[in-house]
Amino acid sequence: MIYVLVPDGLSIDNKENIIPSFVFRSVINYTHELVKDGDEVYFAPANDFGLGISEQIAGLKFLINNYPKKSNVNYYAHQLFSKNYVDTFGNAKYLKKQYPHIMNSKIDLVCSYIHSKRAEYCFLKLGYNINRIHRVTYKIVDEKIVNRLFYYKYKYIHIVYEFFARLFYKLKFG
């Protein structure tokens with residue numbers, strides 16, 4: 001099975017280390033429990049929020065540092081250097097550019113439940129063949145998340161943000 005993780009932010013821990021946000025850590029933890037021998041896990045390209053490490057690389061490092069590698073499971077993430085903010089549509093677009101071969105396969109999309117409808121829309125719009133969407137729940141944690149994503153700490157603001165972001169995409173892309 002091919003799993004594609006949609007990155008969901010960065011945080012800074014008590015030791016000033018850059019780590020995936022509590023939302024993204026939940027997605028990573030869920031995925032680790034899910035994968036089996038022979039699976040492939042792709043971290044979609046995303047943002048670095050000016051911190052010097054992108055969400056996908058921080059996510060891969062978190063996974064490698066916190067879990068023993070399962071045999072015959074391959075993990076893929078490449079640094080993306082973009083001066084522009086990479087939104088969910090960009091996650092799908094850049095993943096397609098970096099790993100075009102996955103367009104010939106069915107994928108399981110793994111993302112936070114609040115972000116999942118927009119992620120589904122974007123990946124389908126760009127031609128991905130989605131087998132299943134794993135909508136990961138999480139507990140809101142009070143941590144130092146990047147300023148751009150302050151609303152992650154407020155469930156209902158996050159839901160409203162996602163609603164309008166999805167509406168924007170539908171108006172823009174049909």
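A quick note: this is a predicted structure, and the numbers were derived from the prediction, not measured. (Residues numbered from 1 in each chain as written. Predicted model: local features only at pLDDT ≥ 70, side-chain atom pairs only at ≥ 80, totals over all residues. Heavy atoms only, no water.)

Give a description of the nonpolar core that names residues and reports values.
By size, the foremost hydrophobic cluster in this structure holds 30 residues, and its most contacted members are Leu5, Ile28, Val41, Phe43, Tyr75 and Tyr152. Among the elements that make up this core, the one with the highest residue count is helix H1 (residues 22-34) (six residues). Excluding residues that lie within four positions of it along the chain, Phe43 makes contacts with Leu5, Phe24, Ile28, Gln56, Gly59, Leu60, Leu63, Tyr76, Ala77 and Leu95. (Core = buried A, V, L, I, M, F, W, Y, C linked by side-chain atoms within 4.5 Å. Buried < 20%, exposed > 50% of the residue type's maximum accessible area, 1.4 Å probe, protein only. Helix = DSSP H or I, 4+ residues; strand = E, 2+ residues; numbered from the N terminus. Contact = heavy atoms within 4.5 Å.)

Any chance you could break down the pattern of salt bridges for me, citing the residues and the numbers?
A complete count under the given rule lists four salt bridges for this structure. A salt bridge links Arg118 to Glu162, with the nearest nitrogen and oxygen atoms 2.7 Å apart. Of the two residues, Arg118 is situated in helix H4 (residues 116-125) and Glu162 in helix H5 (residues 155-173); the sequence distance between them amounts to 44 residues. For the pair formed by Arg118 and Glu162, the shared burial category is buried. Residues Lys153 and Asp142 are paired through a salt bridge, measuring 3.2 Å at the closest nitrogen-oxygen approach. A residue pair is termed long-range when its members are at least 10 positions apart, and Lys153 in the loop between strand S8 (144-145) and H5 and Asp142 in the loop between strand S7 (129-136) and S8 qualify at 11 residues. (Salt bridge = Lys/Arg side-chain N within 4 Å of Asp/Glu carboxyl O.)

Requested: an account of the packing of H4 against H5, with residues and values cited.
Two elements in contact, H4 and H5, have axes whose closest approach is 9 Å; the angle formed by their N-to-C orientations is 20°. In terms of orientation, H4 lies roughly parallel with respect to H5. Relative to H5, H4 is oriented so that their crossing is left-handed. Of H5, the residues touching H4 (which contributes Lys117, Arg118, Tyr121, Cys122 and Lys125) are Tyr161, Glu162, Ala165, Arg166, Tyr169, Lys170 and Phe173. In terms of residue class, the contact of H4 with H5 is built from six nonpolar, no polar and six charged. (Axes fitted to C-alpha atoms, helices over the stretch in contact; angles between N-to-C directions. Parallel < 35°, antiparallel > 145°, perpendicular 65-115°, else oblique. Left-handed = near helix turned anticlockwise from the far one by under 90°. Nonpolar A, V, L, I, M, F, W, Y, C, P; charged D, E, K, R; others polar.)

Tell me about the packing of aromatic side chains, residues and numbers included.
To describe a pair of aromatic rings, you give the distance between the ring centres and the angle between the ring planes. Considering all chains together, one arrives at 16 aromatic pairs under this definition. Ring centres of Tyr113 and Tyr138 lie 5.6 Å apart, and the angle between their planes is 45°; on these two criteria the pair is classed as tilted. Residue Tyr113 is found in the loop between strand S6 (106-112) and H4, and its partner Tyr138 is found in the loop between S7 and S8; the two are separated by 25 residues along the sequence. A centroid spacing of 6.1 Å and a plane angle of 50° characterise the contact between Phe168 and Tyr169, whose relative ring orientation is tilted. Classification of Phe168 as partly exposed rests on a relative accessible area of 47%. The exposure class of Tyr169 is buried, given its relative accessible area of 3%. (Phe/Tyr/Trp six-rings, centres within 6.5 Å; stacked < 30°, edge-to-face > 60°.)

Hey, could you go over the side chain of His158 for me, with residue numbers and the actual values?
Tracing the backbone through its elements, the reader meets His158 in helix H5. For His158, a relative accessible area of 0% puts it in the buried group. Polar side-chain contacts of His158 include one of 3.5 Å to the side chain of Tyr138. (Polar contact = N/O pair within 3.5 Å; in protein donor to acceptor, adjacent residues only side chain to side chain.)

I'd love a proper account of the packing of helix H3 (residues 88-98) against H4, names of residues and values included.
Put simply, H3 and H4 touch, their axes get as near as 8 Å, and they point 40° apart. As summarised for this structure, H3 and H4 are arranged oblique, according to the angle between their axes. Every pair of crossing elements has a handedness; the one defined by H3 and H4 is right-handed. For the pair formed by H3 and H4, the contact residues are Thr88, Phe89, Asn91, Ala92 and Leu95 on the first element and Arg118, Ala119, Cys122, Phe123 and Lys125 on the second. Along the lines of polarity and charge, the residues of the contact of H3 with H4 split into six nonpolar, two polar and two charged.

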